[in-house]
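Chain and residue survey
The primary structure of each chain is shown beneath.
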Amino acid sequence: MNASFSRQRVMGAKQARKLFDSFLHGQVTGGVILLICAVVALLIANTPSLSHLSSIWDEVLSIKISDFSLEMPLLYWVNDGLMAIFFFVVGLEIKREILVGELCTVKQALLPVFAAVGGMVVPALIYSFFNAGTEGQNGWGIPMATDIAFAIGIISLLGNKVPLGLKVFLTALAIVDDLGAILVLAIFYPSHALHPDMLIYAAIVTAVLVVMGRYRVRSVILYVILGLLLWYFIYSSGVHATIAGVIMALTIPSKNSINEVRFYVRMKHLATKFKKAGNSEVEVLANKEQQHILHEIHETVELVNPMMHKFEHSLHPWVTFFIMPLFALANAGVVFDPETFTGEISSVVPGIFFGLLLGKPLGIFLMSLIVVKARIADLPAGTGWLQVLALGVIAGIGFTMSIFINGLAFDTQVLVDTGKASILLTSLFAALLGLLLLYLTTRCRKTE
């Protein structure tokens, strides 16, 4: 009995590590593509013969159904529409980590949660120090975010020299960081004046989704229809529309419809039936009984596969290889004006620079030190304090969420462009410095 239990634990650990490695690989690839698209957007914006291509994001697209009409520039369709899908997947990842991942127990969650809080509060305070009472004061949320794709991509360049525990710590920290950024976005950066009636409609749709999740409804098309309604009501309410993705993610069923034992018994029975119905001289295509059994096997697999996993698995490639690159193309194209960083420099520049590059590592390191010294949490296995500090520098890569909040924080295009330029340059500097520091603190470590 004990031997069987031990084997199950070993197999479970191997499977968890395999899934995490697969997650890392996807994030690394996404980070590379994101970087390429950001560079392309910058080249287009700063090349006179290509700069006219940037005007495509100002083209107005509309949806009209009878008397209903919704019109927005292409940039808004990307930032308010497609990015809602990105936030939906982020919400699913957060929910998964809370249920079965690195945040599923208090002991596991405390270190990344406290570190993430420190990594959000300190940058916001540093930014406010430079910008309190200025026209850029509303941008305090910009340096709070960590770009998980870029951050994981950077540490993965060192391969197995980086302890797995450190990679897991960064992933959990970035996910908590995303949750914090989502809350800041929802509360402090509304897209326009609030309309309580639309919030009531959104609450009704949310209640229906909660009931569907409670009873494990498995109709994808029903979730899509209600998700679109939720997005429209939240968009019309004044709260940023992307929050609809997070709300919907939290309602998606996380449990399967049949348990492991029933699944195993059912599959064994169907496999036996399939073998008996077979004829070595007849193809499965011509064997109606086997086709019927295959259909039953497919339905059984669908029942054991949670809806949450189904959505995440289906949408993750679209987010990684389409939505995020498109977001980079639409938002990273800032014109670098030499006057931005010469002469009288806007206070937004040092606010973002020191917020991300100094505030992130300082906040993460200090909060981690406090909870570990207080014996509330432990450092990941094989991890030292210098590595935590290096990790904090890498967490200063704030590309996606920082640019997203930057576009909502400022009223003038000058400040928006200044913020973008500061984010891009600081993120590049944080990536290079963090990579160097992490290399120096792990170079003596033997690879596994």
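As the structure is a prediction and not an experimental result, all values here were calculated from the model. (Residues numbered from 1 in each chain as written. Predicted model: local features only at pLDDT ≥ 70, side-chain atom pairs only at ≥ 80, totals over all residues. Heavy atoms only, no water.)

1. Quick word on the overall build of the protein
How we decide: Runs of H or I in DSSP of at least four residues are treated as helices and runs of E of at least two as strands, each being numbered from the N terminus. Working rule for contacts: check all heavy atoms of both residues, and any pair within 4.5 Å makes them a contact. Here the open area of atoms and residues is found with the Shrake-Rupley method and a 1.4 Å probe, where only the protein chains shown may cover a residue.
Helix and strand counts for the protein stand at 15 helices and two strands. Taking as baseline every contact in the protein between residues at least 6 positions apart, the subset at least 24 positions apart corresponds to 81%. Put simply, the protein shows about 23,000 Å² of open surface, and 67% of that area lies on carbon and sulfur atoms.

2. Focus: the environment of Val 393
Structurally, the position occupied by Val 393 is in helix H13 (residues 385-394). Once the C-alpha coordinates of Val 393 and Lys 360 are considered, the two residues, 33 residues apart in sequence, prove to be 6.5 Å apart. Apart from the residues lying within four places of it in its own chain, the contact partners of Val 393 are Leu 357, Pro 361, Ala 430, Leu 433, Gly 434 and Leu 437.

3. Digging into the pairing of strand E2 (residues 68-73)
Using the following cut-off: When DSSP locates at least two bridges between a pair of strands, those strands are taken to pair.
Relative to E2, strand E1 (residues 60-65) is paired through six bridges, and the arrangement is antiparallel. Each bridged residue has a counterpart across the sheet, and for Leu 61 the counterpart in E2 is Met 72. Hairpin connection between E1 and E2: a loop of two residues separates the two successive antiparallel strands, and Ser 66 in this loop has a positive phi of roughly 60°.

4. Some words on H13
Let me state the cut-off plainly: Think of it in three bands: with a 1.4 Å probe and only protein chains considered, a residue is buried below 20% of the maximum accessible area for its type, exposed above 50%, and partly exposed in between.
Counted residue by residue, H13 has seven buried out of 10 residues, so it is predominantly covered. Residues of H13 that are buried sit in contact with helix H4 (148-156), helix H5 (164-188), helix H12 (348-373) and helix H15 (413-442).

5. Notes on the packing of H4 against H5
Using the following cut-off: Think of each axis as a best-fit line through the C-alpha atoms, taken over the contacting stretch in the case of a helix, with angles from 0 to 180 degrees between the N-to-C directions. In what follows, roughly perpendicular refers to angles from 65 to 115 degrees, roughly parallel to angles under 35, roughly antiparallel to angles over 145, and oblique to any angle outside these ranges. For this classification, Asp, Glu, Lys and Arg are treated as charged, while Ala, Val, Leu, Ile, Met, Phe, Trp, Tyr, Cys and Pro are nonpolar and the rest, including Gly, are polar.
Put simply, H4 and H5 touch, their axes get as near as 10 Å, and they point 170° apart. On the basis of their axis angle, the class for H4 and H5 is roughly antiparallel. In this structure, H4 contributes Ile 148, Ala 151, Ile 152 and Ile 155 to the contact, and H5 contributes Lys 167, Leu 170, Thr 171, Ala 174, Ile 175 and Asp 178. Looking at the contact of H4 with H5 residue by residue, the class counts come to seven nonpolar, one polar and two charged.

6. A few points about the side chain of Asp 80
Convention followed: In this charge count, Lys and Arg are treated as positive and Asp and Glu as negative; neither His nor the chain ends contribute. We define a salt bridge as a side-chain nitrogen of Lys or Arg found within 4 Å of a carboxyl oxygen belonging to Asp or Glu.
Positionally, Asp 80 belongs in helix H2 (residues 74-100). As a buried residue without a salt bridge, Asp 80 has its nearest oppositely charged side chain in Lys 420, at a separation of 13 Å. Apart from residues lying up to four places away in sequence, Asp 80 is in contact with Met 72, Trp 231, Tyr 235, His 240, Ala 241 and Thr 242.

7. Remarks on helix H3 (residues 106-131)
The following threshold applies: Multiplying 1.5 Å by the residue count of a helix minus one yields the expected span of that helix.
Taking 1.5 Å of rise per residue, the 26 residues of H3 would be expected to cover 38 Å, and the 37 Å separating its terminal C-alpha atoms lies within 8% of that figure. Once H3 ends, the next one or two residues include Gly 133, with phi positive near 80°.

8. Here's the deal with the pattern of salt bridges
Applying the stated criterion to the full structure yields four salt bridges. For Glu 296, the salt bridge is made with Arg 266, and the minimal N-O distance between the two is 2.5 Å. Highlighted residues: Glu 296 in helix H10 (residues 288-304) and Arg 266 in helix H9 (residues 260-277), separated in sequence by 30 residues. Judged by its relative accessible area of 33%, Arg 266 falls in the partly exposed class. Residue Lys 273 is joined to Glu 296 by a salt bridge in which the shortest nitrogen-to-oxygen separation is 3.9 Å. Linking Lys 273 in helix H9 with Glu 296 in helix H10, this pair joins segments that are 23 residues apart in sequence. The class for Lys 273 is partly exposed, based on a relative accessible area of 30%. For Glu 296, a relative accessible area of 14% corresponds to the buried category. Where salt bridges share partners, they join Arg 266, Lys 273 and Glu 296 into one cluster.

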